[in-house]
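So you can see what is in the structure, the chains are spelled out below.
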Amino acid sequence: MPIRLLAPEVASQIAAGEVVERPASVVKELVENALDASAKNIQVIVQDAGRRLIEVADDGSGIPAEELPLAVERHATSKLASAADLFRVATLGFRGEALASIGSVSRLTLTSRVKEAPTGARIRVEGGRPGAVEVVGAPVGTVVRVEDLFYNVPARLKFLKQDVTERRAIDNLLARYALAYPHVRFRLTDGKTVSLQTTGDGDRRAILAALYGVEVAKEMLEVLAEEDDLVLNGYISPAALTRSNRREMTLFINGRWVADTALTQAILQAYHTLLMVGRYPLTALFLQIEPEEVDVNVHPAKAEVRFRNQDRVFSFVQRSVRRALLAYSPVPTLPQPQNLWRSVHSVPSVENNPLPGGALPAAGLDWTIGHDSRVEPEAHIGPVLATTPETVASSPFPARASLVSLPLLRLIGQIGATYLIAEGPDGLYLIDQHAAHERILFEKLMAQHAQQRIPAQSLLTPVVVTLPPAGAAVIADQLPVLSRFGFEVEPFGPNSFQIRAMPVLFGNADPAAALRALVEDFEEDETPLQTEIEARVAARVCKRLAVKAGQVLTPEEQRALLTDLENCESPRTCPHGRPTMIHLSVELLERQFGRKGAR
Amino acid sequence: MKVTVLQENLARGLSIVSRAVSPRSTLPVLANVLIATDEGRLRLSATNLEMGITCWIGAKIEEEGSTTVPARTFADLVSTLPDAQVSLTLDPRTQTLNVRSGSSTNDIKGIDAQEFPPLPVPDFDQAIQINVADFKEMVHQVAFAASTDEARPVLMGVLVKVDGETITMAAADGFRLSVRTATLSSPAARPVSAIIPARALSELARIASDGDHPIQMVLPKGRGQVVFRVKDAELVSQLIDGTFPDYEQIIPRSYKSRTLVSTASLLKACKQAEIFAREGSNAVRMNIRGSGDLQPGEVEISAHSEETGSNETIVDATVDGVPLLIAFNVKFLREVLEVIKTPHVALETTAPNAPGVIKPVGEDNFLHVIMPMHLSQ
Ligand SMILES: Nc1ncnc2c1ncn2[C@@H]1O[C@H](COP(=O)(O)OP(=O)(O)OP(=O)(O)O)[C@@H](O)[C@H]1O
Ligand SMILES: [Mg+2]
C-alpha cells in the first residue's frame, strides 16, 4: 500500500500524545518500522546514549523515492486505509506519526531504496522542516539517522536520565524485540563495540542467555499453549527464580511489546502461592490473537491494548502459565508461616515489596504479638527502618540499640533444613537461616567497608564472566565501587569482565556468580547516590552468597549463625527488609495453650 | 539366603560401605546396603549414585541369595551384637532378613536386591598399581585444596594424571593449588587423566589400610567412572566432567626471594595468628626480612582484628633474596603446613600481588601455590 495521508476523521480517532519521550522511544519506533517492512537484518547504532546519534538500518522493503516527503509527514501511513482498518491492525505502526514526531525534535535523515529502483533517495528533516529529496546510492532497505535529539527542545533534554539509564533502556528494548523476533538478526553497537547481537536463527533460548546470562536461561521453563485462535509461547522462570520488581515480565501481543496490562496479573495469578510476597517472575511471553480481537489504539505510545473478550484471554494466559509451571515445580504443601503468625515487626512495606508481616492480616487468629509489651516497642520504632538498604547506607553503623539487639539465644535445632529454632528468655524464636546469614554477611561487609579494610583474595586464575548488556553497563560504571568491596574487576571485551580478586568474606563461592548477582536485580532508575549504590551492592552480594534454604547445617554451623546474628546491629531483618525471625513470646504461648487467665 | 558371619567382620564391612549410603535420597533403596553371597564370601555394597563402595567379608554360606536392608538399622543393630557368630537368613517371599546372634533374634524388612543399582564389575587386568602409603599421603596433601562449592564442580575434584611411571594429583579451589607426584612401581600401560571427586579419594584413603596390596585403579572405557580396588573392597566413583584449570600455567617459574623456615615454628605462628585473623578477613601479614652479613633473616607474622586484638610472632629464617611484605589467608597457610612432613619448608615469593609457592625442603614431589590477599591501607 502506498503512503497516504489519513482522512482527518480517521486521524482524529487515533490516540494522540507524545510519541518521543526519550531516546529509547525513538529506537522503538524505528525498529518497529523496520519490522513492519519485513526486515531480516536490523542494525542499530547509538552514540552518547542516543543524544548524539541513533541510526537504524534495515534490509526491508524500503520506501519509493516519491513517497519520502509523505513518510515524514504527520498522519501519513501506508499501513491504514480506512477507519475500519483501525480495528484490525496487523502492523506495529498505524498512526503515521512516528517519523514526523521524531523529525520535529531532531535532525533526521531518511535514506531508502526499494528493490525496483536503480538508486536510493534521501530526505532530510531538521526541526520538523523537510528538505528536498535527493538521489543517492543505497542498498535496498532503509536507513534512518537521527542526530542531536531534542536539540530544539531543551526542556526535554533536561529531563533525560543519566546516560547509563538511557542506554540501559535502549539495551533492554532491543533485547526484548530480539526475543520477540528471533528470526530477525539484530545488532546494537555504539559504532565501535557490539553490545547485542543475535543470529536470527530462531533460537530464543540463546537470546535469553544474552539477556539474563546462561544460568538463568537454562532454568527458564518453556510455555507453549494453543486454544482456538489464541497461541501463547515463550519462557517463564521457575518459582524459585524471581526478581524484586516486574520489569523482567516481558509480554508481547501480536508482536507488540505491551506493558502493564491485566495479563501481567494473570501471569502472577498463575504463580499464586508459589512466589514470596514482593517477588516477581521473569517472563518472556508472546501471545498471538486475531487482530480483530484486540484494540491497539488505546495508548499514544502503543504500550497498552484492550481485548474484546478480556476474560477469555486472561483465563487462557493464566491457565497456560500455571500448567507450564506445575509441569516442572511441585506445589509446596506446607502452609506459609506468615499466615499463622505475624513476624516480629509489623514492618512498613518497602517500595513495591510488601512484607508478609505487615501486609497480611493475622489470618483471623488472635496470635498477633501486638499485645506483647516486650516486643511491641520494637515494632514501631526506627530500627526497622534502619535496616532497609537505603537507610543503612546513610548511617551504616547506628549506635548499638538495645531495642533491636537480640537476647542470648539457646539453639534448639534446625527444621526443614531452612529454619533454626532457638529459645530466648522471652520465648521461642524461629529464624530463617538464609535471611539471617544475609544480614550477618551484610553487616560484616559494610563494617569492613567503613574501615576501608575489605581484603581482596586474588584468584589463582582470573575468571571471565560475560554479562547481559544492561548488566555489563552497570558493572562498567561501578568498577571503583566494586574495588572498594574487594572485587578486582577489569573490562575484558564487549560485555565481559575479568575477575582477578574477590572479597575474602565470601570464601570459595563462585566469583562469576557473585558478579552476576550484583546486576541481576538491577533497578532501572538506580539512584546516583554513591552510598546507596554501595549498600545495594553489598546487599546483593550477600544475598547470593548466604546459605540457602534447604541447606542442612551442622550443629556448629547453626550455633555460629546464631552467635553471629546476636552480634548484628539489626538482627531482625535481612538487608532487603524481610524479617529474619518470628518470635513467639512466652505470653503468646501461654495464651495459646490456655494457661493464662484460665485459672 | 542363609549365611553365618563373624560380628566383628560384619561391623567392619558395614562401617566401610556405609559412607556411600544416601539416607535422604528419593530412591529408598539407596538408603539400604546390599547383602549378597559371592563366591564363598558375603558382599556388602552401598551407593549414592555418585560413589559406590563394595566390601567382601568371610562367611559360611549355606544358601545363596541377596537382599538389601536399611543401612542405619542394620549397622546400629550389628554394633550392639556380641562379638560372636551372626546368622543371616532371608525370607525371599517377604524380603525379611532374620538376624540372629546368641539369644537375640531380629527381623529387618528389606527391599528386593533387584532394585539396587548395579555396580560395575570391571576388569583389573590393566589396572594401575599404586602403593597404599604413597596414595594416602598424596590424597592427604592434595584433597584439602579442592573446593566445596557446588557451583564449580570441576574444582571439587582432584585431577589424577598417570603418565608412564609418574602419577600426579592436583587440586585447586580458585585461590590455591596443591600438586603432588609419586612414582609407580610399574609403569602404566597408557596415560590417564581424570578428575575424581576429592571426597571419593578421601574415602578410599580411609578404607585402604597400610601394608596391603597396592591399590588398583581402572577407568573402564566410556563409562565416565573410576574403580579402585583395595584388599577386600572396591570403590567406584563418577568422574567429574569438564576441563581442569591448566595448573602448570599457574605455577610460577621463578621467584625473587626464597625463605627457609622451620615447618613447626611457622605452623605454630600461623595457628596463633589465626586466632586473631579469623574474626575478620583471615588475613595475616608476612614481613620477610633478609639476612644481613651478621644478622640472620626472619619472618614476622602478624594478624590484627578490630574486635579481638592483635598478634605478632617472629620466626627465624634463611632469606635468600629481597625483603617483602605479603598477606595471605592464614587458613590456607595453616592447612598446607599441616600436611608437610619435612622439618623445613621453603616459601618462594616475588611480589605482594604475585602467588607464593610453598615446598617441603629436601623433597621435590610436592608444591603448593597460594594467591596473596590485598589489604587496602
Ligand atoms: N524502515 C522502513 N521501511 C519501509 N517503510 C518505512 C520504514 N519506516 C517508515 N516507513 C514508511 O513510512 C511511513 C511512516 O512511518 P511512521 O513510523 O511515521 O508511521 P507508521 O509506522 O505508519 O505509524 P506509527 O506512527 O504508528 O509508527 C510508514 O507507514 C511506512 O510506509
Ligand atoms: Mg512507525
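Before reading further, recall that the structure is shown in the block above.
## Some thoughts on the site of ligand 1
Residue and element names in this part refer to chain A.
Moving on, step 1. Neighbouring ligand 1 are 23 residues, the closest being Asn33, Ala37, Thr77, Gly93 and Ala98.
Moving on, step 2. Those elements giving two or more residues to the shell around ligand 1 turn out to be α2 (23-36) and α4 (98-104).
Moving on, step 3. Residues that form the shell around ligand 1 fall into these classes: 9 nonpolar, 9 polar and 5 charged.

## What about the environment of proline 70 of chain B?
Residues and elements named next belong to chain B.
Moving on, step 1. Residue position: proline 70 is located in strand β6 (residues 66-70).
Moving on, step 2. Judged by the 20 C-beta atoms lying within 10 Å of it, proline 70 falls in the buried class.
Moving on, step 3. Distance from proline 70 to valine 29, taken between C-alpha atoms, is 7.9 Å for residues 41 residues apart in sequence.
Moving on, step 4. Discounting residues that sit within four places of it in the chain, proline 70 has contacts with Ala31, Asn32 and Ile108.

## With respect to the environment of serine 185 of chain B
Moving on, step 1. Summarising the element assignment, serine 185 of chain B is placed in the loop between β13 (176-183) and β14 (192-197).
Moving on, step 2. Those residues within four positions of serine 185 of chain B in sequence are excluded, and the remaining contacts are Gln129 and Asn131 of chain B.

## Here we look at the interface of chain B and chain A
Moving on, step 1. Each partner contributes residues to the interface: chain B has 26 residues there, and chain A has 17 residues.
Moving on, step 2. Of all elements in the fold, only β13 and β26 (373-374) of chain B reach the threshold of two or more residues within the side of chain B that touches chain A.
Moving on, step 3. Here the side of chain B that touches chain A is built from residues that sort into 12 nonpolar, 9 polar and 5 charged.
Moving on, step 4. In this sheet, β26 of chain B lies alongside strand β24 (residues 456-466) of chain A in antiparallel orientation, the contact comprising 2 bridges.

## Points about the sheet that holds strand β22 (residues 419-424) of chain A
All names here are of chain A.
Moving on, step 1. Strands sit in the order β21-β22-β23-β27 across an open sheet of 4 strands; the sheet is antiparallel. Each having just a single partner strand, β21 (410-415) and β27 (581-585) make up the two edges of the open sheet. This sheet shows a mean twist of 20° between the axes of neighbouring strands, independent of strand direction.
Moving on, step 2. Inspection of the sheet shows β22 paired to strand β23 (residues 427-432) by 6 bridges, in the antiparallel sense. Within β23, the residue paired with tyrosine 419 across the bridge is aspartate 432.
Moving on, step 3. Strands β22 and β23 of the sheet are contacted by helix α14 (residues 433-450), whose axis makes an angle of about 80° with β23.

## Some words on helix α6 (residues 263-277) of chain B
Residue and element names in this part refer to chain B.
Moving on, step 1. For α6, which comprises 15 residues, the first-to-last C-alpha distance of 20 Å matches the rise-based estimate of 21 Å (1.5 Å per residue) to within 8%.
Moving on, step 2. Residues of α6 that are buried include every one of Leu266, Ala269, Cys270, Ala273, Phe276 and Ala277, and no others. Along the long axis of α6, the arc covered by the buried residues comes to 110°, so they all point the same way.
Moving on, step 3. Residues of α6 that are buried in the fold lie against β18 (257-262), β19 (283-289), β20 (297-305), β21 (309-321), α7 (330-338) and β23 (344-349).

## A look at the pairing of strand β25 (residues 366-370) of chain B
Residue and element names in this part refer to chain B.
Moving on, step 1. Burial runs high along β25: 5 of the 5 residues are buried.
Moving on, step 2. Covered by surrounding structure in β25 are Phe366, His368 and Ile370 together with Leu367 and Val369, the residues of both alternating faces.
Moving on, step 3. For β13 and β25, the ladder comprises 5 bridges, and the chain directions are antiparallel. Looking across to β25, one finds that leucine 177 is bridged to valine 369.
Moving on, step 4. For strand β24 (residues 356-360) and β25, the ladder comprises 3 bridges, and the chain directions are antiparallel. Residue pairing for β25: glycine 356 is matched across the bridge by isoleucine 370.
Moving on, step 5. Linkage of β24 to β25, two consecutive antiparallel strands, is achieved through a turn of 5 residues, within which glycine 362 is found at a positive phi near 100°.

Rules used throughout
- Residues numbered from 1 in each chain as written.
- Chains lettered and ligands numbered in written order.
- Predicted model: local features only at pLDDT ≥ 70, side-chain atom pairs only at ≥ 80, totals over all residues.
- Near = placed C-beta within 6 Å.
- Helix = DSSP H or I, 4+ residues; strand = E, 2+ residues; numbered from the N terminus.
- Nonpolar A, V, L, I, M, F, W, Y, C, P; charged D, E, K, R; others polar.
- Buried ≥ 20, exposed ≤ 12 C-beta atoms within 10 Å, placed from the backbone.
- Contact = placed C-beta atoms within 7 Å.
- Pairing = 2+ DSSP bridges.
- Axes fitted to C-alpha atoms, helices over the stretch in contact; angles between N-to-C directions.
- Expected span 1.5 Å × (residues − 1).
- Arc of directions from axis to C-beta.

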